[in-house]
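A structural walkthrough
These are the residues of each chain, in order.
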Amino acid sequence: MTDKFDVLVIGAGAAGLYAALCLPEHLRVGSINKNTLPVSASDWAQGGIAAAIAPEDSAALHVKDTLAAGAGLCDLEAVKFLVEEAPDCIDSLVKMGVAFDRAGPDLALTLEAAHSRRRVLHSADTTGKAVIGTLTAKVLSRQNIQIVSPAFALSLWLDESGRCQGISAICGNRVKWLQAPAVVLATGGGGQVFAQTTNPSVSTGDGVAIAWRAGALLRDLEFVQFHPTALSKAGAPRFLISEAVRGEGAHLVDSKGYRFAFDFHPSGELAPRDVVSRAIFRHLQKTGEPHVWLDLRPIAVDRLRYRFPNIIQVCADWGIDIFSEPVPVTPAAHYWMGGIVADKFNQTSIPGLYAVGETASTGVHGANRLASNSLLECLVFGAQMGLLEVSENSQAFTDEVDVGEIWEKSISPQEIETIEKLRVELPSLLWQSAGICRGMRDLESAIVQVEIWRQEFASLPLSQTLDNLRPGQIIDFSPDNAESSSVLRNWGELGNLLDIGYLILKSAAFRTESRGGHYRVDYPLTDRDWCRHTLINQSNWYKSGLVED
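Residues numbered from 1 in each chain as written. Predicted model: local features only at pLDDT ≥ 70, side-chain atom pairs only at ≥ 80, totals over all residues. Heavy atoms only, no water.

Describing the overall build of the protein chain
Helices and strands together make up the secondary structure of the protein chain, namely 15 helices and 23 strands. Relative to the compact-globule value of 24 Å for 549 residues, the protein chain shows a C-alpha radius of gyration of 23 Å, a close match. The dimensions of the protein chain, computed from C-alpha atoms along their principal axes, are 70 × 50 × 50 Å. Across the 549 residues that make up the protein chain, the buried fraction comes to 60%. Carbon and sulfur atoms make up 51% of the accessible area of the protein chain, which amounts to about 21100 Å² in all. The positive charge centre, built from 48 side chains, and the negative charge centre, built from 64, are 4 Å apart in the protein chain. (Helix = DSSP H or I, 4+ residues; strand = E, 2+ residues; numbered from the N terminus. Rg over C-alpha atoms; globule rule 2.2 N^0.38 Å. Buried < 20%, exposed > 50% of the residue type's maximum accessible area, 1.4 Å probe, protein only. Areas by Shrake-Rupley, 256 points an atom, 1.4 Å probe, with all protein chains shown as cover. Lys, Arg positive; Asp, Glu negative; His and termini not counted. Charge placed at Lys NZ, Arg CZ, Asp CG, Glu CD.)

Description of helix α1 (residues 14-22)
For α1, the buried fraction is high: eight of the nine residues fall into the buried class. Within α1, the full set of buried residues consists of Ala14, Ala15, Gly16, Leu17, Tyr18, Ala19, Ala20 and Leu21.

Describing the sheet that holds strand β19 (residues 360-361)
Spatially, five strands are ordered β19-β17-β12-β22-β23 in an open sheet, and the strand pairing comes out mixed. One side of each edge strand has no neighbouring strand; the edge strands of this open sheet are β19 and β23 (540-543). Direction of pairing for strand β12 (residues 218-219) relative to strand β17 (residues 339-341): antiparallel, over a ladder of two bridges. If you follow leucine 218 over to β17, its bridge partner there is isoleucine 340. Where helix α6 (residues 206-214) meets the sheet, it contacts β12, β17 and β22 (534-537), and its direction lies at approximately 50° from that of β17. Contacts from helix α15 (residues 482-510) reach β12, β22 and β23, with the element oriented near 40° to β23. (Pairing = 2+ DSSP bridges. Contact = heavy atoms within 4.5 Å. Axes fitted to C-alpha atoms, helices over the stretch in contact; angles between N-to-C directions.)

A word on the side chain of arginine 278
With respect to the helices and strands, arginine 278 occurs in helix α8 (residues 273-287). Exposure remark for arginine 278: the relative accessible area of 15% places this residue in the buried category. Aside from chain neighbours lying at most four places away, what touches arginine 278 is Ile436, Gly516 and Tyr519.

Some points on the pattern of salt bridges
Under the defined criterion, the tally for this structure stands at 28 salt bridges. In this structure, lysine 421 engages glutamate 425 in a salt bridge whose closest nitrogen and oxygen atoms are separated by 3.8 Å. Highlighted residues: lysine 421 and glutamate 425, both in helix α12 (residues 413-434), separated by four residues, approximately one helical turn. The partly exposed category is assigned to lysine 421, whose relative accessible area is 34%. Its relative accessible area of 31% is what places glutamate 425 among the partly exposed residues. Notably, a salt bridge pairs arginine 454 with aspartate 499, separated by 3.1 Å at the nearest N-O pair. Here arginine 454, found in helix α13 (residues 440-458), pairs with aspartate 499, found in helix α15; they are 45 residues apart in sequence, far enough to count as distant. (Salt bridge = Lys/Arg side-chain N within 4 Å of Asp/Glu carboxyl O.)

In structure tokens:
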């Protein structure tokens, strides 16, 4: 396996796969995936992809809806670019073979919350799976793309001028360096930092944490979207019950059958996600009940079977017959609006480093993402990587790099125990202190605790070894088996989760207002003077200028 590439793409969700496919085909591309098979939030996406392609719809209406959801913090030019490029991206997917649902000869469109028109394309209720399956097959057929998996990116490799020139990575039981003059971070979100999340296990904020440690500019990390309706059943994962279900007519009710969401917003179940999530949270606080109910029975049976076969099956697997009873649901962390600041060409503040998809902050989502704009963002901005030009005179390994120096290390049982303990405790703390409703007292105490845990983590012998790894050095961990490889990945993910947990807490404490996906019980109103981005560079938090309406 070669360790030199023209471009490294970290992540194999929709953003990473599409970016890899759109890169010029003369470039040698390394696709870094920490799992052997695709497991990503894109793969789990149910709702669909938003695109204004209906005769009664328009790009202007899609822009208007996106800006309304973004609560004042969207970048207008980025949003216009997103929605205007949408039809071409949909056409590209259709030509690749993605089997979107049809209404006769036309692509079928459904309505989702906060959209003013039916504009969401879908493939039953497994749109993400359909897209990822097609993109994966295309990537595997490309001669210029080499799959490197399972491989876990640990850190960025910067040259003396501060330009990105590769990464260090865990490949099996070996930690080594991979070189490329361009690195694309497409690692998705960080939902696993919360105890309740719809995100898959791989969503540990890797790209944001890696970029932060390297000095990249970050933005708006306090804005987390909590999906209102995740399956709430003992022993079951927080399986997402798609927004499209409510768009098709499902009712959100309490144990008495009361549609309480209308007490909080005139649109009821179809209000923006943050409003519906807080409505459920407050209603549960008031009633003391463990969950509310999503009643799908108002939807015609044939329509239900056609649109939501996967939801029907998963609910049935957990003993719920949605044709005869409502589904128990609670909110869960779902999407991270903030991320690494990136421009229209995905360039970050570090030369040679790019960010695409949920990992990036391009300005299209603002303080709250409009439903089904996320898969669209992965495609529209992923396609921009086709414009990448890689310098021919990129630095190769120099004599100063200790190529071939191999160390052998082992991991102690005590370290494994500490890693496992912190991995359980951190998400519970974040859910309690930085979940749907936040307050300064809880945030401050959580920050103190996370700082203690980060110090404890940094003092582990494993941390000290890997944090001080020099370019070119290779470490082999013994014993050479799957368990050691798993521990190394758990160590890397925990370090990233501790970092993003700290960043989310500090950002949530910094923003003394409520807006979009960030709600402060002690500052419940939106403050016009806070119509600004939160910017983070290393240990500094500061405000942007006012964002123009």
